[in-house]
Amino acid sequence: MSSRLWTDNFHDFLVDRDQERCIQCLVCVRQCPYEANIYREAADVVDSVHKNCTGCHRCEALCPTRCITIRLNPSELRPHATWTSRNVKNVYKQARTGGVLLTATGCELDYPTYFDNILIDACQVTNPSIDPLREPMELRTYIGRKPERLEMETGEDGRVRLKTEIAPQLTCEVPILFSAMSYGAVNLNFCEALAISATGTGTYWNTGEGGLHKKLYPYGARTVVQCASGRFGVSKTYLETSAAIEIKVGQGAKPGIGGHLPGEKVNRDISETRMIPIGSDAISPAPHHDIYSIEDLRQLIFALKEATDYEKPVFVKIAAVHNSAAIASGIARAGADAIVIDGFRGGTGAAPTMIRDNVGIPLELAIASVDDLLRSQGIRNEISLIAGGGIRNSADVVKIIALGADAAYIGTAAKVAVGCTVCQRCYTGKCPWGITTNDPTLSKRLNVEIAAEQLTNLIDGWAHEIKEMMGLMGINAIESLRGNRERLRGVGLTDRELNILGLKHAGE
Ligand code: SF4
Ligand code: SF4
Ligand code: SF4
């Protein structure tokens, strides 16, 4: 019992309150879902329970007198290269709970972020840049299988027509899509905001594995629906309503393991959408129990195509792992229209900390090696490549496309656009910003129209910056950027890393 008390005192945050400026409006008390701000009636004072604070900054943002400051607790355990505070505190937590350590929203460890060691080359004098304010810049991206060559024919009326049959394509007005975030893990307000923004900006959002709520069916033409190992919410109507179908094999934050939405989160709406009983745990198995080979995967790809009259592209999503390139080649040959590679920095609503921090590989290396192998095998045109997991800004989008992707998926950036402060506590179901919660009161904190506008602003801002960067590279169409590694240079990387990325060092 005593250990419970003293380990609690080694908390991560301090909630500092200037009592002189506090007007006791109790906004912070009402806004904190973790009871880290409390009103002590006997003493008539608003007080802080530091150990409960997750560092979400909600109270700091809304305090009318600006008298709260959330700080990292400067009290540190003795520095130790092996037994860092993080390792010690993790042992404390498990000694207390006996459970798996959980986390969310991306790996914060100091692994190399290759994006930060890659620079974009610019045109000067002999190879003039292009002014995007004066010249047309084409960001439109088609996701889907492309023919090796186009054949034309002349009809009886003398008109020349395309003879080659083109596989179904998604038309993205920007090379950015919203990545899979499932209803249940996030709430309906956020799903609706994503759907509205995707529709307005001419891109796509993704249901994740939680099914498609009936209210969102009108956005079907801009919706990628997921078919994951739990098959939650998968029906003929669900598939037919979509623009594309994504088979989720793995995700970057937790490669090789399944998912778990606790029964207490499965309310009436979520149970209807996922097609499971109210209050039952939604457990996605680690593998698809009908997929143990590329041939099995091919059967599912074609079952989904058959179910939708071959009208929708089928994606396959895998986590970035050491043999992603070989797997991607198999996926292309299995008949998929797009591969999604999700890097180890990818976010999620809940992941075991040890898996998130120790499994998978960086997105940049995976995309470069997948693009290389598909090109060397002469099948790059047969499949589109979508990169997700750790895309933070428009420069990351430009770099990942130049490394070989067709488009980028963004998830955490979309959450941040609507208020997420990356406190990494999505798994508690008490998101203070109303995003990863289905609590009716907390969910109201996310206004659909405002959130949709913020998402749209983000996409518009990034699109503008991508055009600027393409212009300075002397490129006027996203098609010419894809796999154009000549326009990138590495800094501070080893020869081996440069070799895998397919880049020259800066100065070369
Ligand atoms: S929100 Fe600010 S002013 Fe209001 S009670 Fe909390 S600390 Fe005091
Ligand atoms: S958890 Fe969030 S709302 Fe609560 S005290 Fe900490 S920063 Fe403020
Ligand atoms: S979505 Fe909410 S709970 Fe999750 S990291 Fe962001 S602010 Fe925290």
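Structure: above.
Described below are features of the structure shown in this document. (Residues numbered from 1 in each chain as written. Chains lettered and ligands numbered in written order. Predicted model: local features only at pLDDT ≥ 70, side-chain atom pairs only at ≥ 80, totals over all residues. Heavy atoms only, no water.)

## With respect to the packing of helix H8 (residues 294-307) against helix H9 (residues 324-333)
Short version of the rule: Structural elements are reduced to axes, namely lines fitted to C-alpha atoms, with helices fitted over the stretch in contact, and the angle between N-to-C directions of any two is expressed from 0 to 180 degrees. Helix numbering and strand numbering both begin at the N terminus, where a helix is a DSSP run of H or I of at least 4 residues and a strand a DSSP run of E of at least 2. Throughout this description, any angle smaller than 35 degrees is read as roughly parallel, any larger than 145 degrees as roughly antiparallel, any in the 65 to 115 degree range as roughly perpendicular, and the remainder as oblique. Crossings are sorted by hand: turned counterclockwise from the far helix by less than a right angle, the near helix makes the crossing left-handed, and turned clockwise it makes it right-handed. Only heavy atoms enter the contact rule, under which two residues are in contact if any of them lie within 4.5 Å.
Between H8 and H9, the least distance of the axes is 9 Å, while the angle of their chain directions is 45 degrees. Viewed along their axes, H8 and H9 adopt a mutual orientation that is oblique. Where H8 crosses over H9, the two elements pack in a sense that is right-handed. Listed contacts from H9 to Ile294, Leu297 and Arg298 of H8 are Ile327, Gly330, Ile331 and Arg333.

## A few points about the layout of surface pockets
Stated formally: In the cavity and pocket records, a cavity denotes points on a 1 Å grid over the protein atoms alone where a 1.4 Å probe fits but cannot get out, a pocket denotes an open set with protein on both sides within 12 Å along at least 5 of 7 lines, and lining residues are residues with an atom within 4 Å of a point. Grid points are joined across faces, edges and corners, and a volume is the space filled by probe spheres set on the points. Amino acids outside the nonpolar list (Ala, Val, Leu, Ile, Met, Phe, Trp, Tyr, Cys, Pro) and the charged list (Asp, Glu, Lys, Arg) are all regarded as polar, and Gly is one of them.
Of the pockets and cavities examined, the largest pocket occupies roughly 1400 Å³. If you go around the largest pocket, you meet 44 residues; those closest to its centre are Asp12, Asn90, Lys93, Arg425 and Tyr427. Broken down by element, the residue count for the lining of the largest pocket peaks at nine residues, all from helix H4 (residues 85-97). Of the residues that constitute the lining of the largest pocket, the class distribution is 13 nonpolar, 18 polar and 13 charged.

## A short note on the site of ligand 2
Definition in use: Nearness is defined per residue: one heavy atom within 4 Å of the molecule or strand is enough.
Taken together, Val15, Cys32, Tyr34, Ala36, Asn37, Cys53, Thr54, Cys56, His57, Arg58, Cys59 and Ile70 make up the full set of residues near ligand 2. Here the residues of the shell around ligand 2 are counted per class, giving eight nonpolar, three polar and one charged.

## Looking at the sheet that holds strand S18 (residues 338-342)
Threshold: By the convention used here, strands pair only if DSSP detects at least 2 bridges between them.
Taken together, the eight strands give an open sheet; going across it, the order is S11-S21-S20-S18-S17-S14-S13-S12, and neighbouring strands pair in parallel fashion. The sheet is open, and its two borders are formed by strand S11 (176-178) and strand S12 (205-206), each paired with just one other strand. Inspection of the sheet shows strand S14 (residues 244-248) paired to strand S17 (residues 314-319) by four bridges, in the parallel sense. Bridged to isoleucine 245 within S17 is valine 314. Here H9 sits on the sheet in contact with S17 and S18, set at roughly 165 degrees to S17.

## Concerning the side chain of serine 394
The cut-off we apply is this: Partly exposed describes any residue whose relative accessible area lies between the buried limit of under 20% and the exposed limit of over 50%, with all areas from a 1.4 Å probe on protein chains only and scaled to the type maximum.
Turning to its location among the elements, serine 394 is positioned in helix H12 (residues 394-402). Look at serine 394 and you get buried, because its relative accessible area is 4%. Other than its neighbours up to four places away in sequence, serine 394 contacts Trp462, Glu465, Ile466 and Met469.

## Description of the packing of aromatic side chains
Here is the rule we go by: Stacked, edge-to-face and tilted are the three classes for Phe, Tyr and Trp ring pairs, Trp counted by its six-membered ring, which pair at centre distances within 6.5 Å; planes under 30 degrees apart are stacked, over 60 edge-to-face, the rest tilted. Over a ring means this: the NZ of a Lys or the CZ of an Arg is within 6 Å of the ring centre and within 35 degrees of the ring normal.
Counted by the stated rule, this structure contains three aromatic pairs. Relative to phenylalanine 344, the ring of tyrosine 111 lies with its centre 5.3 Å away and its plane at 70 degrees, an arrangement referred to as edge-to-face. Note that tyrosine 111 is positioned in the loop between strand S5 (102-103) and strand S6 (118-120) and phenylalanine 344 in the loop between S18 and strand S19 (351-352), a separation of 233 residues in sequence. Since its relative accessible area comes to 5%, phenylalanine 344 is described here as buried. The aromatic ring of tryptophan 433 is capped on one face by arginine 58, whose charged end is 4.8 Å from the ring centroid. Its end group placed over the ring of tyrosine 204, arginine 222 keeps NZ or CZ at 4.5 Å from the ring centre.

## With respect to the nonpolar core
Threshold: For the purposes of this section, nonpolar cores are sets of buried Ala, Val, Leu, Ile, Met, Phe, Trp, Tyr and Cys residues that join through side-chain atoms within 4.5 Å.
Ranked by internal contacts, the top residues of the largest apolar core, which has 102 residues, are Phe190, Ile341 and Ile400. Examining the composition of this core, we find that ten residues originate from one element, helix H15 (residues 448-472), more than from any other. Leaving out residues up to four positions away in the same chain, isoleucine 341 has contacts with Ile318, Ala320, Ser324, Leu363, Ala366, Ile367, Val370, Leu385, Ile386, Ala387 and Gly388.

## As for a nonpolar patch on the surface
Rule in force here: Within the patch definition used here, like charges are joined within 9 Å and nonpolar side chains (Val, Leu, Ile, Met, Phe, Trp, Tyr) within 5 Å, considering only residues with over 30% relative accessible area and no salt bridge. Residue exposure ignores everything except the shown protein chains as possible cover, and the areas themselves are Shrake-Rupley values with a 1.4 Å probe. When a carboxyl oxygen of Asp or Glu lies within 4 Å of a side-chain nitrogen of Lys or Arg, that pair is called a salt bridge.
Taken together, the side chains of Leu150, Met152, Val160, Leu162 and Ile166 make up a nonpolar region of the molecular surface, amounting to roughly 480 Å² of accessible area. Note on placement: leucine 162 falls in strand S9 (residues 160-162).

## Some words on the pattern of salt bridges
Summed over all chains, the structure comprises 32 salt bridges. For arginine 86, the salt bridge goes to aspartate 357, with nearest N and O atoms at 2.5 Å. Of this pair, arginine 86 sits in helix H4 while aspartate 357 sits in helix H10 (residues 353-358), and the two are 271 residues apart along the sequence. Since its relative accessible area comes to 29%, arginine 86 is described here as partly exposed.

## Structural notes on the site of ligand 3
Surrounding ligand 3, one finds Thr105, Lys415, Cys420, Thr421, Val422, Cys423, Gln424, Arg425, Cys426, Cys431, Trp433 and Thr436. Looking at the shell around ligand 3, its residues break down into six nonpolar, four polar and two charged.

## Here's the deal with the sheet that holds strand S23 (residues 504-505)
Across the sheet, three strands lie side by side as S6-S22-S23; this open sheet has mixed pairing. Lying at the two open borders of the sheet, with one neighbouring strand each, are S6 and S23.

## A few points about H4
The test is simple: One fewer than the residue count of a helix, multiplied by 1.5 Å, yields its expected span.
With 13 residues, H4 extends 18 Å between its outermost C-alpha atoms, agreeing within 8% with the 18 Å of an ideal straight helix rising 1.5 Å per residue. Burial in H4 covers these residues: Ser85, Val88, Lys89 and Asn90. Along its buried surface, H4 packs onto H10. A positive phi of about 70 degrees marks glycine 98, the residue just after H4.

## Topic: the environment of tyrosine 39
As for its position among the elements, tyrosine 39 is in strand S2 (residues 37-40). A relative accessible area of 32% places tyrosine 39 in the partly exposed class. The spatial distance from the C-alpha of tyrosine 39 to the C-alpha of proline 313 is 55 Å, given a sequence separation of 274 residues. Setting aside residues no more than four positions away along its own chain, tyrosine 39 makes contact with Gln24, Leu26, Val29, Asp44, Val45 and Val46.

## Quick notes on the packing of helix H5 (residues 188-201) against H15
Direction vectors running N to C along H5 and H15 enclose 45 degrees, while the axes themselves pass 8 Å from each other. The angle between the axes of H5 and H15 places the two elements in the oblique class. Of the two possible hands of crossing, H5 and H15 adopt the one that is right-handed. Residues Asn189, Phe190, Glu192, Ala193, Leu194, Ile196, Ser197 and Thr201 of H5 pack against Val448, Ala451, Ala452, Leu455, Thr456, Ile459 and Asp460 of H15. Among the residues making up the contact of H5 with H15, the classes are represented as nine nonpolar, four polar and two charged.

Treat this as a map of the structure, not an account of what it does.
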